[in-house]
Amino acid sequence: MEIVTLPGQAAGGKVWLVGAGPGDVDLLTVKAYRVLQNADAVLYDALVSDEILALIPKHAEKIAVGKRAGLHSAAQSEINQLLVTKAYTRKNVVRLKGGDPFIFGRGGEELETIVDAGVDFEVVPGITAASGTAAYAGIPLTHRDYAQGVSFITGHCKLESRPMDWQSYANPNNTLVIYMGILNADLIKAGLLNAGRAAQTPVAIVSKATTSQQRVFIGSLDNLDELASHPELVMPALMVIGEVVELAGSLNWFTPKTQQSQLNDLELAATTK
Ligand code: SAH
């Protein structure tokens, strides 16, 4: 789609491409917080939590542009256009995205449009879902005894223009983190098993990581599809595959509030008996 700019006029505003982190409001960077406080317009995704949206100043225009707001990915060009248009009428236009804008966030695509339109911009990184999940589920992504490296991949297997490189993802000394993979769990399981990854490789699916509703489902590669179809699994969810998942048993320190209140209820029930 051709980007419409206003002839003879320069966009006086600036676009800030900002990562909002994985959910917990305290994981916002200080820079992201400062930028949000000065925002005149904020275009945000469905993944951005309500607590973070509550930090946007009252006078700022808030525009939901995520899939859950009724726009599908074909509307990406409309978002790009809106960013450019807003930069003509607003000083600080914030494009707020879940996690980090340069990790499966289409941040690059949006910036290309902004560059083409000659609009000024800055990028503020965010804590990506993999880092948030790793910390809050007690799964170090690398560990000298288990994994010398980690790969972040998209599980949108069929939509990718290039085929999945299962052979390299099946490396047993590497941790695999899969974004957007839940609906393709069966393909992922088959791809990795066929490429020789052991059926007993530990896997974790972490849903709503870093939030008060975080849930961690642990299993092994041969039951990845069953884990992914667990009735209590709520999106967004991330898969972590590799030996490091075993450490979750001892390094898991985070008790989401919902579980905490259940625990308190249990304790209360026990003490009132
Ligand atoms: N730019 C984002 C990723 C966008 S892709 C980032 O850096 O984190 C969207 C995918 O991210 C989801 O399908 C899910 O796999 C993952 N994700 C994002 N937030 C998550 C969370 N709080 N818990 C678990 N997975 C999450």
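Residues numbered from 1 in each chain as written. Predicted model: local features only at pLDDT ≥ 70, side-chain atom pairs only at ≥ 80, totals over all residues. Heavy atoms only, no water.

If you check an unreviewed UniProt entry, the protein appears there as uroporphyrinogen-III C-methyltransferase from Shewanella schlegeliana. Under Sequence similarities (unreviewed entry), UniProt gives the following word-for-word description of the protein: "Belongs to the precorrin methyltransferase family." (UniProt positions renumbered as here; feature names shortened; annotations may be inferred.)

*Asks:* Lay out the pattern of salt bridges in plain terms, naming residues and giving numbers.
*Replies:* As a working rule, side chains carrying opposite charge can pair if their charged atoms are close by. Taken as a whole and assessed by the stated rule, the structure comprises 11 salt bridges. Note that glutamate 61 and arginine 90 form a salt bridge whose closest N and O atoms lie 2.6 Å from each other. In this pair, glutamate 61 is assigned in strand 3 (residues 61–64) and arginine 90 in the loop between helix 3 (76–89) and strand 4 (92–97), connecting sequence segments 29 residues apart. Taking the relative accessible area as the measure of exposure, glutamate 61 reaches 26% and is therefore partly exposed. For aspartate 225, the salt bridge goes to lysine 189, with nearest N and O atoms at 3.3 Å. Placement of the pair is aspartate 225 in helix 8 (residues 224–228) and lysine 189 in helix 7 (residues 185–194), with a sequence separation of 36 residues. (Salt bridge = Lys/Arg side-chain N within 4 Å of Asp/Glu carboxyl O. Helix = DSSP H or I, 4+ residues; strand = E, 2+ residues; numbered from the N terminus. Buried < 20%, exposed > 50% of the residue type's maximum accessible area, 1.4 Å probe, protein only.)

*Asks:* Let's hear about the site of the ligand: which residues, and what values?
*Replies:* Around the ligand, 17 residues are found, and the nearest of them are Asp100, Ile103, Thr128, Ala129 and Ala237. One nitrogen or oxygen atom from the main chain of isoleucine 103 is found 2.7 Å from a nitrogen atom belonging to the ligand. Between the ligand and alanine 237 there is a distance of 2.7 Å, counted from an oxygen atom to a backbone nitrogen or oxygen. Coverage of the ligand by the protein amounts to 91% of the 550 Å² it exposes when considered alone. Of the residues assigned to the shell around the ligand, the class counts are 12 nonpolar, three polar and two charged. Two domains each provide a minimum of three residues to the shell around the ligand, namely domain 1 (14–127) and domain 2 (130–251). (Near = heavy atom within 4 Å. Polar contact = N/O pair within 3.5 Å; in protein donor to acceptor, adjacent residues only side chain to side chain. Areas by Shrake-Rupley, 256 points an atom, 1.4 Å probe, with all protein chains shown as cover. Nonpolar A, V, L, I, M, F, W, Y, C, P; charged D, E, K, R; others polar. Domains from an automatic or database assignment.)

*Asks:* Go over the environment of methionine 164, please, and point to the residues and values.
*Replies:* Structurally, methionine 164 can be placed in the loop between strand 6 (149–154) and helix 6 (166–169). The exposure class assigned to methionine 164 is buried, which follows from its relative accessible area of 16%. For the pair methionine 164 and glycine 191, spaced 27 residues apart in sequence, the C-alpha to C-alpha distance is 8.4 Å. Leave out the neighbours within four places in its chain, and methionine 164 touches Ile153, Thr154, Cys157 and Tyr169. (Contact = heavy atoms within 4.5 Å.)

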